[in-house]
Amino acid sequence: MKHILYALLVFISIKLQAQPLSYYLPNNVQYDPTVPTPASIIGHEVGQWHVTHDKLVMYMEAVAKASPRFKLEYLGNSYESRKQLALVITHPDNHKNLESIRSQHIRWSQDPSASSANTEQMPVVMLLGHSIHGNESSGSNAALLTAYYLAAAQGPQIEQVLRNSVILLDPSFNPDGLNRFATWANMHKSSTIVTDPQAREFNEVWPGGRFNHYWFDLNRDWLPAQHVESRNRLKFFHHWKPNILTDHHEMGSNATFFFQPGVPSRVNPNTPARNQQLTAGIATFHGLSLDSIGSFYYTKEGYDDFYYGKGSTYPDIQGAIGILFEQASSRGHAQETDNGVLTFEFTIRNQFVTALSTIAAGVSMRKDLLQYQRDFFRDVEKEAAQYTTKAFVFSEPKDKSRTQIFIDMLLRHQIQVFQVKQNLQADGKTFPAGEAYFVPTQQPQFKLIKTIFEKTFDYKDSLFYDVTAWTVPLAFGLPYAGLTTGWEAAKGTAVTAAEQPKGEVLGKSNYAYAFTWEDFYAPRLLHSLQNRGIQAKVASQLLETTSISGQKLSLGYGSILIPVSGQSISSDQLHKILQEEVVSTNIQIHAINAGLSSKGIDLGSGSFLKVKKPSVLLMGGVGTSALDVGEIWHFLDTRMQIPVSIVDANRFRSISLNRYNVIIMPSGSYGDWDKPEFEKLRAWVSGGGTLIATEDATALLARQGITRVLFRNAEEKRDTTLNLPYYLRSDEIRAKDMTGSIFEAKMDLTHPIAWGYHRPDIAVFKSNTLFMDQNNNPYDSPVMYTEQPLLSGYMYRGYKNLIKQSAVINIDAVGRGRVISMVDNLNFRAFWLGTGKMFMNAVYFGDQIRL
């Protein structure tokens, strides 16, 4: 059926200008005049302006209303309440039986041995996804053309395509980022086109349009699924389980066009070889279509298929083919490049051409793709049966919130989870009945389960486009183990949804209340109480006491005490507020009616320290990492519900700091800072403030003499006698990158930074080559990497001795204040929850650290 390709992709070329539809569309095709053109709805030709998200939605709604081939589905809303939608496109006859087609299609992933499956009549399912990076907008603008073509094109070829396929068109994976960038590009467009790369049009201000509302890269969130846009998209993906998913991106302006396959040696070993063979087959269609319009392109370089959290890789572990498209970016409307002036229209045309070539390939290879999906899940059954580990078990009874967040993530990927109904011992750990959970490996998502739970150490290549490890239980800080036998008898009921919070106040007191600091949401509860004027204290020593009901209470380091006396409200009002605020957590607040403890400090001890309400300034803007700022903002705002003032670093010299008791410096260069900024910062800390610095900011403060932190030299002495071929130079440099691996650290559980933890070992994510020495004071480095710290991932051999026994966190006293240097990212991509409590302890208890 390759003739379909030529029928779809005979294009004409016109001079660079505001291009009409004929610039993009195939020749010799008649179009239904009742279908609205994009210009008739959005008010300009495609590519003349960058389409804003509202206009994109307007057109998709209009064309869906006009065409019997289309069904519009709303997937949800972005953080900024923009619609996420998708068009389900197929022949009108298929629409009459659409649910039957869908059910038959997904049955293969649920029951690959189904005998009733018939590839002869089954349509291929393709999901065309666009512009998950909002400032790579040629994809979403091309979606206008794809929608128009599929709605309006007439003739036997398009009829055949529609009868043999179901096309799912998502015009914008990142609505908020797309709109942010479109506004920028349009507001700087001149009536006389400016092509100078230095012009403002091509250089967005911080944070740019790449990211979502919280400045996250959504193309890393397919696996963690921590953001609303990803969750909406993932639900739709699994509703259909497409055979092909395309992911339309942009890259540097001086490049050409990339499509997969990527670097062969950097394919995840869980991806079947047949996947790459089919990807190569589809690539021939892209090559032919781009050849037909004279566009240059390349494959098998630069980009890989290793991390399953990306849109072009996640399908590879779902029996589908993920395809990455990377188009050289005009970044505006027309820009000078090494290859001449690159116009926005040209970039859109390439994206549109490859969307049609994908459709042509999907229809032509329909039987192969359908059979591959069926074989994939058949093979999964066999591989799971041969896999030594028959189930993974996990639990964290003292922090049910993190456990339930993890369960919620697993269920979003259609992974089956079961309760444990009897106590289990595995890998030296206890997994209690009713509080532990099973994930059997014998299920359709076996390969995804492997990549979520397994640790990796062996790699074919030493170069990576993204992280090298993402063992999710380690990220969540959850004890887990693989089981080879004995799990069947302990298997309880299936979990169909994460449990809702069950926080409660146990009893009523006229004396005091207390809760432990172990639950993930304990800081959120404390802040909500402080917001309502409640005074609280924190235990800096251990104690045991008895609740009002006679229950023995062990209150560990960091436990929160709420005295009844001294509050500005009555005991009845206090009890009511506690009841109202605790329900959104999994915390139990215990009523206590006596100050004398059975063990440890008493409730009136000076070791109960007053807890300040944090007033947080978060540095942002030029000179800081938008990703790091966004991760901290998201964590404090959505997880902990603590307001944070994001202030541009270049305004720091001029603003008043009087209202803040915590300043956070995310990773960055702070290139606009000079002596006055650092002197002002030092003075503020000296006055009693808590300064938290992460990653590169820790080195900056050390260089400025604000801290005493020393770093180990990561530079190696080169063998001057070594003679290597020049083409290896870049690879040698990149092999030393720490793109992301997991390391073991030990905590001092008595230190305020570690309050609320009950095991000293913790998994820390590292994606830099900064290695902090332990501070000279033995109490200054409460979290240290172990002697052999690598838990999972790739590490360049030269870093082995540098990281062992190095510090994760150092504390420095500056006057009456504290500087807390966190050399790594403790809030990585919103799912590294295991280290989040350390970050919150710095926010809440940094001023309590005595050096």
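Everything quoted here is computed from the prediction, not taken from an experiment.

Novice: I'd like a description of the packing of aromatic side chains, backed by residues and values.
Specialist: On inspection of all chains with the given rule, the structure shows 53 aromatic pairs. Ring geometry for Phe258 versus Tyr298: centroids 5.4 Å apart, planes at 55°, classification tilted. Taken together, the residues span a long stretch of sequence, with Phe258 in strand E6 (residues 257-259) and Tyr298 in the loop between helix H10 (273-292) and strand E7 (321-328) at a distance of 40 residues. Ring geometry for Phe394 against Phe406: centres 4.9 Å apart, planes inclined by 75°, an arrangement best described as edge-to-face.

Novice: Give a description of the nonpolar core that names residues and reports values.
Specialist: Buried together is how nonpolar side chains tend to be arranged in soluble globular proteins. Counting residues in each nonpolar core, the largest one holds 139 residues, and the members touching the most others are Phe394, Ile452, Phe476, Phe515, Ile562 and Ile809. In terms of residues, this core owes the most to one element, helix H23 (residues 836-845), which gives seven residues. Not counting residues within four places of it along the chain, the set of residues in contact with Phe476 comprises Arg402, Ile405, Phe406, Met409, Phe831, Leu833 and Gly834. If you look at the next biggest cluster of nonpolar residues, it comprises 70 residues, including Tyr149, Val353, Leu369 and Phe446.

Novice: Run through the packing of helix H3 (residues 53-66) against helix H8 (residues 175-187), naming residues and quoting values.
Specialist: Helix-helix packing: each pair is described by the crossing angle between the helix axes and the interaxial distance. The contact between H3 and H8 brings their axes to 8 Å, and the two run at 120°. Residues His53, Asp54 and Leu56 of H3 form the contact with H8, whose own contacting residues are Pro175, Leu178 and Asn179. Looking at the contact of H3 with H8 residue by residue, the class counts come to three nonpolar, two polar and one charged.

Novice: I'd love a proper account of the environment of Ala522, names of residues and values included.
Specialist: Inspection of the secondary structure puts Ala522 in helix H16 (residues 522-531). A relative accessible area of 0% places Ala522 in the buried class. Sequence separation between Ala522 and Lys241 is 281 residues, and the spatial gap between their C-alpha atoms is 38 Å. Ignoring anything within four residues of it in the chain, the contact list for Ala522 reads Phe515, Thr516, Trp517 and Ile587.

Novice: If you had to explain helix H20 (residues 696-703) to someone new, which residues and values would you point to?
Specialist: In terms of burial, H20 is largely enclosed, as six of its eight residues are buried. Where H20 is concerned, the buried positions are Ala697, Thr698, Ala699, Leu700, Leu701 and Ala702. The secondary structure elements touched by the buried residues of H20 are strand E28 (662-665), helix H19 (675-686), strand E29 (690-694) and strand E34 (817-822). One or two positions beyond H20, positive phi appears at Gly705, with a value near 75°.

Novice: Give me the confidence of the model for the protein: which residues, what numbers.
Specialist: Residues with a pLDDT of 70 or more make up 96% of the protein, whose mean pLDDT is 94. Ignoring residues within four places in sequence, the model shows residues 1-16, a span with pLDDT below 50, making 52 contacts including any to other chains.

Novice: Talk me through the environment of Glu580; I want residue IDs and the actual numbers.
Specialist: Inspection of the secondary structure puts Glu580 in helix H17 (residues 571-582). Taking relative accessible area as the criterion, Glu580 reaches 34% and is therefore assigned partly exposed. Taking the C-alpha atoms as reference points, Glu580 and Gly558, separated by 22 residues in sequence, lie 22 Å from one another. Looking at Glu580, its side chain comes within polar contact range of the side chain of Arg532, at 2.7 Å. In this structure the side chain of Glu580 is engaged in a polar contact, spanning 2.5 Å, whose partner is the side chain of Lys576.

Novice: Mind laying out the pairing of E34, listing which residues take part and the relevant values?
Specialist: Burial runs high along E34: six of the six residues are buried. Burial along E34 is two-sided: Gly817, Val819 and Ser821 facing one way and Arg818, Ile820 and Met822 facing the other are all buried. Inspection of the sheet shows E29 paired to E34 by five bridges, in the parallel sense. Each residue of the ladder has a partner; that of Leu691, found in E34, is Val819.

Novice: Report on the sheet that holds strand E33 (residues 807-814), specifying residues and quantitative values.
Specialist: In space, the nine strands of this open sheet follow the order E27-E26-E28-E29-E34-E33-E32-E30-E31, with mixed pairing throughout. What marks the edges here is a single partner per strand, and that holds for strand E27 (644-648) and strand E31 (761-766). In this sheet, neighbouring strand axes are inclined to one another by 25° on average, regardless of whether the strands run parallel or antiparallel. Note: E28 against E29, four bridges, orientation parallel. Bridging from a neighbouring strand, Met665 pairs with Ala693 of E29. In the packing of H20 onto the sheet, contacts are made with E28, E29 and E34, and the angle to E29 comes to roughly 120°.

Novice: Outline the sheet that holds strand E10 (residues 391-395), supporting the account with residue identities and numerical values.
Specialist: In spatial order, the strands read E15-E10-E14-E11-E16; together these five strands make up an open sheet with antiparallel pairing. The sheet is open, and its two edges are formed by strand E15 (480-483) and strand E16 (491-495), each paired on a single side. Across this sheet, the average inter-strand angle for adjacent strands is 30°, counted without regard to direction. Direction of pairing for strand E11 (residues 417-420) relative to strand E14 (residues 436-440): antiparallel, over a ladder of two bridges. By the bridge assignment for E14, Gln419 is matched with Tyr437. Helix-sheet contacts for helix H13 (residues 400-412) involve E10, E11, E14 and E16, and the interaxial angle to E10 is about 145°.

Novice: An account of the pattern of salt bridges is needed here, citing residue identities and associated values.
Specialist: Under the definition given, this model contains 38 salt bridges. Where Glu679 meets Lys675, a salt bridge forms, and the shortest distance between an N and an O atom there is 3.7 Å. Of this pair, Glu679 and Lys675 both sit in helix H19, four residues apart, which is roughly one turn of the helix. The exposure class assigned to Glu679 is partly exposed, which follows from its relative accessible area of 44%. Residue classification places Lys675 among the exposed positions, given a relative accessible area of 55%. When salt bridges that share partners are traced, they join Glu136, Arg210, Asp217, Arg220, Asp466 and Arg829 into one network.

Conventions and cut-offs
Residues numbered from 1 in each chain as written. Predicted model: local features only at pLDDT ≥ 70, side-chain atom pairs only at ≥ 80, totals over all residues. Heavy atoms only, no water. Phe/Tyr/Trp six-rings, centres within 6.5 Å; stacked < 30°, edge-to-face > 60°. Helix = DSSP H or I, 4+ residues; strand = E, 2+ residues; numbered from the N terminus. Core = buried A, V, L, I, M, F, W, Y, C linked by side-chain atoms within 4.5 Å. Buried < 20%, exposed > 50% of the residue type's maximum accessible area, 1.4 Å probe, protein only. Contact = heavy atoms within 4.5 Å. Axes fitted to C-alpha atoms, helices over the stretch in contact; angles between N-to-C directions. Nonpolar A, V, L, I, M, F, W, Y, C, P; charged D, E, K, R; others polar. pLDDT = per-residue confidence, 0-100. Polar contact = N/O pair within 3.5 Å; in protein donor to acceptor, adjacent residues only side chain to side chain. Pairing = 2+ DSSP bridges. Salt bridge = Lys/Arg side-chain N within 4 Å of Asp/Glu carboxyl O.

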